[in-house]
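Here's the letter readout for the chains.
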There are 2 protein chains.
Amino acid sequence: MRVLGIDPGLTRCGIGVVDGGIGRPLTMVEVGVVKTTPELQIEERLLLISRGIEAWIDATEPDAIAVERVFAQANVRTVMGTAQVSGLALVAACSRGIPVTLHTPSEVKAAVTGNGRADKAQVGAMVTRLLRLDETPKPADAADALALAICHIWRGAATNRIQAAVAQAAGAGR
Amino acid sequence: MRVLGIDPGLTRCGIGVVDGGIGRPLTMVEVGVVKTTPELQIEERLLLISRGIEAWIDATEPDAIAVERVFAQANVRTVMGTAQVSGLALVAACSRGIPVTLHTPSEVKAAVTGNGRADKAQVGAMVTRLLRLDETPKPADAADALALAICHIWRGAATNRIQAAVAQAAGAGR
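On a predicted model such as this, the values are computed, not experimentally measured, just so you know.

**Thoughts on the sheet that holds strand β5 (residues 100-103) of chain B**
Residues and elements named next belong to chain B.
Consideration 1: If you trace the 5 strands from one edge of the open sheet to the other, you get β3-β2-β1-β4-β5, paired in mixed fashion. Only two strands of the sheet have a single neighbouring strand rather than two, namely β3 (27-35) and β5. If you compare each strand with its neighbour and ignore which way they point, the axes differ by 20° on average.
Consideration 2: Sheet analysis places strand β2 (residues 12-19) next to β3, joined by 8 bridges and oriented antiparallel. Looking at the pairing, glycine 14 lines up with valine 33 of β3.
Consideration 3: Here helix α1 (residues 42-60) sits on the sheet and contacts β1 (2-7), β2, β3 and β4 (64-68); the angle it forms with β3, its principal contact strand, is near 165°.

Next up, the structure:
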């Protein structure tokens, strides 16, 4: 299965695509960042990111999409933009009938490093090892997006099947 | 000028369309609410609201769109959904080249009632009077959306011209 992970952000939105399955080797398909500058108006930034996410989905054709769950207790100034970007990611997935799942940062850290409180360096190091890369993907948002995709693959079959059934039912209802 | 106001929300997203200008009478064009139920998955709710907002814009062809600015200090559970819906509204406007402006709740209350701390009943009463309606639009989200549109018309020409220039420049750059 191919999973596209999205680490939502207004300045840097990390995107990482991984192929794999439970008990099978993982392969990185693509990794990158959709960037916007604070000089643009908020609506223009969100539109650029929305189009960027859509372009990534359409180019890599993932079976599932994993988005980092945003919490309101995070930094007040950045959390609104992050929430808005996560909403755009959810809509981009749902409008294409692709099952989408939210994972918390600690779920992702626990899946990839075995420690839900791992720091960015540990996550980056494990992503590099698991995907057999020559160097850690930069910036951290890109590595985090790959970690999200890996987390989703490993959390596995049961959750994914439920999500797929829900997405299909919703699609049939439209 | 015709303004479409959006009071973002996941359960009830208020939408109100008003024609008017500075020193001219105001006329309500249309008012309503895009609703979704909490039984649906979050991605399905956001997609339905996004499509609802787009349908309203395409049907009423506003010259400008006004969206209520969301603050992170509000209720933690609802603020994330509200932020996500406001992001969808901004993208729907920007992708159509329609200038979009955020107004804070107190700007809207001050514009419509003269008091930045007015309650919902006062806002509803003034909206009803200003638009010469027989009764106050329900639910409050619908009345708030009309208040946003009125606020935008009255805050007026200077702001709108700046926004239009920005939107045009952004559109030209795409």
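**Quick notes on the nonpolar core**
Consideration 1: A:Ile53, A:Ile65, B:Ile53 and B:Ile65 are the most contacted members of the largest nonpolar core, which totals 51 residues.
Consideration 2: Look past the residues within four positions of A:Ile65 in its chain and what remains in contact with it is A:Leu4, A:Ile6, A:Ile57, A:Ala93, A:Ile98, A:Pro99, A:Val100 and A:Thr101.

**Observations regarding the sheet that holds strand β3 (residues 27-35) of chain A**
All names here are of chain A.
Consideration 1: The sheet built from 5 strands is open, its strands ordered β3-β2-β1-β4-β5 with mixed pairing. Edge positions in the sheet fall to β3 and β5 (100-103), since each has one partner strand and no second. Across this sheet, the average inter-strand angle for adjacent strands is 20°, counted without regard to direction.
Consideration 2: Across 6 bridges, strand β1 (residues 2-7) lies against strand β2 (residues 12-19) in antiparallel orientation. Bridge assignment links valine 3 to a residue of β2, and that residue is valine 18.
Consideration 3: Packing against the sheet, helix α1 (residues 42-60) makes contact with β1, β2, β3 and β4 (64-68), and its axis sits at approximately 165° to β3.

Criteria and cut-off values
Residues numbered from 1 in each chain as written. Chains lettered and ligands numbered in written order. Predicted model: local features only at pLDDT ≥ 70, side-chain atom pairs only at ≥ 80, totals over all residues. Heavy atoms only, no water. Pairing = 2+ DSSP bridges. Helix = DSSP H or I, 4+ residues; strand = E, 2+ residues; numbered from the N terminus. Axes fitted to C-alpha atoms, helices over the stretch in contact; angles between N-to-C directions. Contact = heavy atoms within 4.5 Å. Core = buried A, V, L, I, M, F, W, Y, C linked by side-chain atoms within 4.5 Å. Buried < 20%, exposed > 50% of the residue type's maximum accessible area, 1.4 Å probe, protein only.

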